[in-house]
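Understanding the architecture of this molecule
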Amino acid sequence: MFVLVVGGGKVGYYLTKELIDSGHEVALMEKDRGRAEQIRDEIGSVVIAQDGCEGKYLHEAGANRADIVAAVTGDDEDNLVICQMAKHHFDVPRTIARVNNPKNEHLFRHLGVDEIISPTRMILGSIEQDIPVHELLHLAALGVGELEIIEAHLQPGSPAIGRIALDLTVPSGCSLFGVIRAGVPTPLHTDTVLAEGDKVIAIGRPDCEEALRAQLIGEFAEA
Amino acid sequence: MKAVIVGCGRVGAGLADELDRAGWQVLIIDRLSAAFDRLPSGFGGTALRGDGTDEDTLRRAGAEGADLFLALTEGDNRNIMAAQLGIEALGARQTISKVNDPVRAEAYAHLGIATLCRTNLMMTAVLVHLGQASPARPGIQAPEKPHEHVGGAASGAQVGGVTGGVGGVTGGAGGVTGTRGAGTTMEA
């Protein structure tokens, strides 16, 4: 597997090291010569001191034979363009972008980036899990399409309490996946009755959220 | 006719002025308010300080449904991202994006964005001036087909945010307004 990593910051640096350790062929592009030299001293000739946004240098780095291009610079617009160039100009089968501004996730996905990693969103999700709010929690984004894994913690007042889970009308494009009760994950059976304190796990598109919220959370004032 | 221009450099400011004089409704955006000093005192359009690659900023400024969307900042990638936001999220009818890297300029013309490449323009100008054959790559490359994306889902998912305060019309700061005639300057 040949992986082309663009961006030699902390993420790109550790990613490259890990990939080398697991036996993959890697090239790392970093436009800052000083930084590139610094990494090259440690991990060797896989470092290319060029701008990975520029078509000419992507070509020289072997983008046309890369199996994966991972764009992990600190600038969203650069990561978008690196992935689009890789995909459309060099026919790279799989592109991965780091997205810093969570608001850009939708655009990136829409424009065909295969996988989007948002550190901001992940940390936010982690914080939200510790705060009891009457809200849906985004546990993770799935690589395919725009699907997300969503958790709803059933609080007193939830219209779902006492109902058979499979009887709930979930919107199309969304599926209830299971329930975590007292820390134990269980699949949904035809007789699973939802109870206060349950954590219902669903997979669905972001546009299903409103209907899911109405079914599982109900009407609450701002938490 | 409505024009949105991202980047108030010499080209952006010059075009904003020309289009304003020709009767267009012009909105020009730049991250630095000092950039608006390039606009002539009689400029009648709107100058907005903000990030032209931020969808919310563009929406609040009323950039939706523009007849023309020009991305003319100093960054090729910022221009490419702004232009794609313009097409996919804001429904711009025509966009031109400045992309100075000839390889990227050609690649994005293939993808459906008209690109303006200073490298090609200047090379051609110099070679023509010297009486030599000009290069095959034109300064402006028209899109070869409608803008292409592979993501699937329909665009314009974000709704709302069209109304609400844009921070109002300000005066003073950095000598940006006051001398702009009918024009307004806003903070995003």
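Procedures and definitions
Residues numbered from 1 in each chain as written. Chains lettered and ligands numbered in written order. Predicted model: local features only at pLDDT ≥ 70, side-chain atom pairs only at ≥ 80, totals over all residues. Pairing = 2+ DSSP bridges. Helix = DSSP H or I, 4+ residues; strand = E, 2+ residues; numbered from the N terminus. Contact = placed C-beta atoms within 7 Å. Axes fitted to C-alpha atoms, helices over the stretch in contact; angles between N-to-C directions. pLDDT = per-residue confidence, 0-100. Nonpolar A, V, L, I, M, F, W, Y, C, P; charged D, E, K, R; others polar. Parallel < 35°, antiparallel > 145°, perpendicular 65-115°, else oblique. Buried ≥ 20, exposed ≤ 12 C-beta atoms within 10 Å, placed from the backbone. Right-handed = clockwise from strand over helix to strand, strands pointing away. Domains from an automatic or database assignment. Arc of directions from axis to C-beta.

1. Remarks on the sheet that holds strand β4 (residues 68-71) of chain A
Residue and element names in this part refer to chain A. In spatial order, the strands read β3-β2-β1-β4-β5-β6; together these six strands make up an open sheet with parallel pairing. In the strand order of this sheet, the two ends are held by β3 (47-48) and β6 (115-117), each with one partner. Sheet analysis places strand β1 (residues 2-6) next to β4, joined by four bridges and oriented parallel. Residue Val-6 lies in a different strand from β4, and its bridge partner there is Ala-71. Of the strands in this sheet, β1, β4 and β5 (94-98) touch helix α4 (residues 76-89), which is tilted by about 175° from β5.

2. Points about the confidence of the model for chain B
Residue and element names in this part refer to chain B. Per-chain confidence: chain B averages 82 in pLDDT, with 78% of residues scoring 70 or above. Note that residues 151-182 has pLDDT below 50 and, in this model, 52 contacts with residues that lie over four places away or in other chains. Prediction confidence for the complex, expressed as pTM and ipTM, is 0.71 and 0.74 respectively.

3. A look at the interface of chain B and chain A
The partner chain A presents 20 residues to the 25 residues of chain B that form the contact. Looking at the side of chain B that touches chain A, the elements that each hand over two or more residues are α2 (55-60), α3 (76-88) and α4 (102-111) of chain B. At seven residues, α3(B) tops the list of elements feeding residues into the side of chain B that touches chain A. Per-class residue counts for the side of chain B that touches chain A are 10 nonpolar, nine polar and six charged.

4. Brief notes about the packing of α4(A) against α3(B)
At a minimum axis separation of 8 Å, α4(A) and α3(B) run at an interaxial angle of 80°. Taken as axis vectors, α4(A) and α3(B) run roughly perpendicular relative to one another. Taking contact as the criterion, the partners of A:Glu77, A:Asp78, A:Leu80 and A:Val81 in α4(A) are, on α3(B), B:Asn77, B:Arg78, B:Ile80 and B:Met81. A class-by-class count of the residues in the contact of α4(A) with α3(B) yields four nonpolar, one polar and three charged.

5. Details of the pairing of β4(A)
Side-chain alternation along β4(A) places A:Ile68 and A:Ala70 on one buried face and A:Val69 and A:Ala71 on a second face that is also buried. Remark: the β4(A)/α4(A)/β5(A) crossover connection has right-handed handedness.

6. Concerning the sheet that holds strand β10 (residues 184-186) of chain A
Residues and elements named next belong to chain A. In spatial order, the strands read β7-β8-β11-β9-β10; together these five strands make up an open sheet with antiparallel pairing. In this open sheet, the two strands that pair with only one neighbour each are β7 (136-141) and β10. Taken over all neighbouring pairs, the strand axes of this sheet differ in orientation by 25° on average, direction set aside. The pairing of strand β9 (residues 174-181) with strand β11 (residues 199-204) spans six bridges and is classified as antiparallel.

7. Focus: the domain arrangement of chain A
For interface size, the figure often reported is the accessible area lost on association. The domains assigned to chain A are domain 1 (2-118) and domain 2 (132-216). Taking the mean C-alpha position of each, domain 1 of chain A and domain 2 of chain A sit 36 Å from one another.

8. Concerning helix α7 (residues 209-216) of chain A
All names here are of chain A. Residues Leu-212, Gln-215 and Leu-216 constitute the buried set of α7. Buried residues of α7, viewed axially, fall in a sector of 80°; they line one side. Those residues of α7 that are buried are in contact with β7, β8 (148-153), β9 and β11. At the C-terminal side of α7, Gly-218 shows a positive phi close to 85°.

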